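What the coordinates show
Spelled out from the first residue to the last, the chains are:
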Amino acid sequence: MGDRELALMLRGVVRNFAIIGQKASSTEEFILDDLPGTSGRLDVLVRCLRAAMLSSHGIRRGVVVYLVLRGGPLAPRIVRVDGAGVTFLRPDERSLAVRIKKVLASRADEATSDWVTVRPGFAVARGDFDRVLADVDDATPYILDETAPDIREAAGLGASHALFVIGDHLGVPDDIRARLDALGAQRLSVGPVSVHADDAVTLVTNELDRRAVR
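Source: prediction; values computed, not measured.

A word on the environment of Asp137. Mapped onto the fold, Asp137 is located in the loop between α5 (129–136) and β8 (140–144). Assessed through its relative accessible area of 62%, Asp137 is described here as exposed. Distance in space between the C-alpha atoms of Asp137 and Ala162 is 10.0 Å, their sequence separation being 25 residues.

What follows deals with helix α4 (residues 93–105). For α4, built from 13 residues, the straight-helix expectation of 18 Å at 1.5 Å per residue is met to within 8% by its first-to-last C-alpha distance of 18 Å. Directly after α4, the chain includes Arg107, whose backbone phi takes a positive value near 55°.

This paragraph deals with unusual backbone geometry. Here Ala75 and Pro76 are connected by a cis peptide whose omega angle stands at 0°. One non-glycine residue, Asp137, adopts positive backbone phi at about 60°.

It is worth spelling out the side chain of Ser189 at this point. One can find Ser189 in the loop between β10 (186–188) and α7 (197–213). The buried category is assigned to Ser189, whose relative accessible area is 6%. Among the polar contacts made by the side chain of Ser189, one reaches the main-chain carbonyl oxygen of Ala148 at a distance of 3.0 Å. Those residues in contact with Ser189 that lie beyond four places of it in its chain are Asp145, Glu146, Ala148, Pro149, Asp150 and Ile151.

Moving on, we come to the packing of helix α3 (residues 42–53) against α7. Relative to each other, α3 and α7 sit at 15°, their axes nearing to 8 Å. With respect to α7, the element α3 is oriented roughly parallel. Where α3 crosses over α7, the two elements pack in a sense that is right-handed. Facing α3, whose interface residues are Val44, Arg47, Cys48, Ala51 and Ala52, α7 presents Ala197, Asp198, Val201, Thr202 and Thr205. Residue composition of the contact of α3 with α7, grouped by class: six nonpolar, two polar and two charged.

A separate point is the sheet that holds β10. What the eight strands build is an open sheet, ordered β6-β7-β5-β4-β1-β9-β8-β10; its pairing is mixed. Every other strand in the sheet has two partners, leaving β6 (116–119) and β10 as the edge strands with one partner each. Going from strand to strand, the sheet's axes swing by 25° on average, the running direction of each strand aside. Examined bridge by bridge, β8 and β10 share three bridges and lie parallel to one another. Looking at the pairing, Tyr142 lines up with Gln186 of β10. Against the sheet, α7 touches β1 (15–25), β8 and β9 (162–167), its axis set at about 175° to β1.

Rules and cut-offs
- Residues numbered from 1 in each chain as written.
- Predicted model: local features only at pLDDT ≥ 70, side-chain atom pairs only at ≥ 80, totals over all residues.
- Heavy atoms only, no water.
- Helix = DSSP H or I, 4+ residues; strand = E, 2+ residues; numbered from the N terminus.
- Buried < 20%, exposed > 50% of the residue type's maximum accessible area, 1.4 Å probe, protein only.
- Expected span 1.5 Å × (residues − 1).
- Polar contact = N/O pair within 3.5 Å; in protein donor to acceptor, adjacent residues only side chain to side chain.
- Contact = heavy atoms within 4.5 Å.
- Axes fitted to C-alpha atoms, helices over the stretch in contact; angles between N-to-C directions.
- Parallel < 35°, antiparallel > 145°, perpendicular 65-115°, else oblique.
- Left-handed = near helix turned anticlockwise from the far one by under 90°.
- Nonpolar A, V, L, I, M, F, W, Y, C, P; charged D, E, K, R; others polar.
- Pairing = 2+ DSSP bridges.

If you want it as structure tokens, here you go:
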């Protein structure tokens, strides 16, 4: 962990990312060799996890990622990855998918309504997006929207505990958009051209890094 990330953590600034997988598998019953075709596009969420959690040769300790899984027989289900507790994370998509597969296979959340830590930094729970909101407590919510004002012009961004909500290849579903609107979430775009979800995470992270340095 670098000095800048340590300073952010000591000030209580945490970056939360909720990635909404509208059809992403809530069970481990997908094929690693065909992740896009058998997992409800869990591969999109895995790439977002990598973009949010990993820097070059390091883990971002002040980042928490929520993978909201809305597909499959156990949906809705959430995997939470907390950078403060993760011990080892390889950057390739397959290794990350293996880690998620093992967490989902544990079924550790079947008999409880609480979050269950399965591996260091990895926890799982039953529930939908409201479960994320309860976990991030007083975080300021933001939602990515291609038609919204540019993130580089947003005032106060990154100055406090924040939650960034990003959709998968299908976008953010209407019910979650309505929930965020009711909370007064600020809408942001990352540029004039539509990009993949993991690229959007990278652009948000880069902007926050720049502001932290300033």
